[in-house]
Every structure is written in structure tokens, then in C-alpha cells.
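# A closer look at the structure
The chain contents come next:
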Amino acid sequence: MERKNWLIPLLIAIAAAALLLISQALRPLAEESVVIITVDGVEYDRVPLSQPRTVTVEQPDGEVNVIEVSGRGAVMLSSSCRNQLCVHMGEVTVDNWEFRPNQAFIICLPNRVSVELVVVEP
């Protein structure tokens, strides 16, 4: 095989490697999985899984929801709503969010609070 016949595949491989490096460099460095808590459709808090904590949502009408964010995901610890469905939804985690019936959400309809796990896959 002639020398110039090897040159074209070599140039294609170099171009592909360069494009891969450029796309990795342009990717945001701070991307990580987060829990987004909203009240009435407005973002109330955003908690990275790398910074676990408990969030208490206290609304002017006296309604209260307590959400625990761990390094794995989130769970509704308590709610002032009557039916407690949100508390019984269990924990949404990085491991189970794809297989849950409501996927990455915990929703308290009476209090208008939602908890969403946004998973960033490596």
C-alpha cells in the first residue's frame, strides 16, 4: 500500500481525537447531580448531592414540607398535608430514579411542592 493511502485514515483519526478533546473541554466542569425543590412551579432551592442537607419549606399559609437530601438522592421526611402520599413515595436516588413509577419526582400536590432529582451521568 502506498504511503499516501495511510495518510488519509491517519488524518481522520487525528481529527476525531481533536474533536473529542474539544468537546470534553467545552463541557461544564461543575456538572453534577442535583435535587431541585419547587413551590408553586418556582424554584425554591437547588441542592447538589455532594452537599447533603435537610431543607424545610415553610409557606405563608402554614404548610410545611421537610426534604432530606443525601449523597444518593432525596426523600420527603414529613409534610403538613393530609394524605401523606408524598411521604410514602419513598426515596428517589441515583440508583432508582429510572425505575420508579413517577421517575425522578416526589410531589406534594396539596402543598404544591415538588422535588426533582436531576441526574448527570458521567
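The sections below set out a description of the structure shown in this document. Treat the numbers as computed from the prediction; the structure is a model and nothing was measured.

For S114, the location among the structural elements is in strand β8 (residues 113-118). Judged by its relative accessible area of 16%, S114 falls in the buried class. Separated by 2.4 Å, the side chains of S114 and T38 make a polar contact. When sequence neighbours within four positions are dropped, the list of residues in contact with S114 reads I36, I37, T38, I106 and I107.

Read from one edge of the open sheet, 4 strands run β2-β1-β8-β7, paired in antiparallel fashion. Each edge of the open sheet is held by one strand with a lone partner, namely β2 (42-48) and β7 (105-108). Averaged over all adjacent pairs, the angle separating strand axes in this sheet is 15°, with direction ignored.

Here we come to a nonpolar patch on the surface. A surface patch of nonpolar side chains, about 380 Å² in accessible area, is lined by L7, L10, L11 and I14. Its place among the elements puts L7 in helix α1 (residues 3-26). On the basis of relative accessibility, which here comes to 43%, the residue L7 falls in the partly exposed class.

This next bit is on unusual backbone geometry. In this structure, D40 is a non-glycine residue whose phi angle is positive, near 55°. Following the sequence through the fold, D40 ends up in the loop between β1 (34-39) and β2. In this structure, Q84 is a non-glycine residue whose phi angle is positive, near 60°. Within the secondary structure layout, Q84 lies in the loop between β5 (73-79) and α2 (85-88).

One finds V35, I37, I67, M76, V115 and L117 to be the most contacted residues of the largest nonpolar core, which totals 22 residues. For this core, the elements supplying multiple residues, two or more each, are β1, β3 (53-58), β4 (64-69), β5, β7 and β8. Not counting the four nearest positions on each side in its chain, I37 is found in contact with V42, E43, Y44, D45, V55, V57, I67, V113, S114 and V115.

Within the secondary structure, E91 sits in the loop between α2 and β6 (92-93). What makes E91 partly exposed here is its relative accessible area of 29%. As a C-alpha pair, E91 and G73 span 18 residues in sequence and 6.9 Å in three-dimensional space. Excluding residues that lie within four positions of it along the chain, E91 makes contacts with S70, R72, G73, A74, V75, N96 and R100. Of note is the side chain of E91, whose polar atom sits 3.2 Å from the side chain of R72.

In this structure the tally under the stated criterion is 5 salt bridges. Between D40 and R112 there is a salt bridge whose closest N-O contact spans 2.6 Å. With D40 in the loop between β1 and β2 and R112 in the loop between β7 and β8, this residue pair connects regions lying 72 residues apart in the sequence. Overall, D40 belongs to the partly exposed group, its relative accessible area being 48%. Residue R53 pairs with D45 through a salt bridge whose shortest N-O separation is 3.0 Å.

Cut-offs applied
Residues numbered from 1 in each chain as written. Predicted model: local features only at pLDDT ≥ 70, side-chain atom pairs only at ≥ 80, totals over all residues. Heavy atoms only, no water. Helix = DSSP H or I, 4+ residues; strand = E, 2+ residues; numbered from the N terminus. Buried < 20%, exposed > 50% of the residue type's maximum accessible area, 1.4 Å probe, protein only. Polar contact = N/O pair within 3.5 Å; in protein donor to acceptor, adjacent residues only side chain to side chain. Contact = heavy atoms within 4.5 Å. Pairing = 2+ DSSP bridges. Axes fitted to C-alpha atoms, helices over the stretch in contact; angles between N-to-C directions. Patch = residues over 30% accessible without salt bridge, like charges linked within 9 Å, V, L, I, M, F, W, Y side chains within 5 Å. Areas by Shrake-Rupley, 256 points an atom, 1.4 Å probe, with all protein chains shown as cover. Salt bridge = Lys/Arg side-chain N within 4 Å of Asp/Glu carboxyl O. Core = buried A, V, L, I, M, F, W, Y, C linked by side-chain atoms within 4.5 Å.

All we've got here are geometric facts, nothing functional implied.
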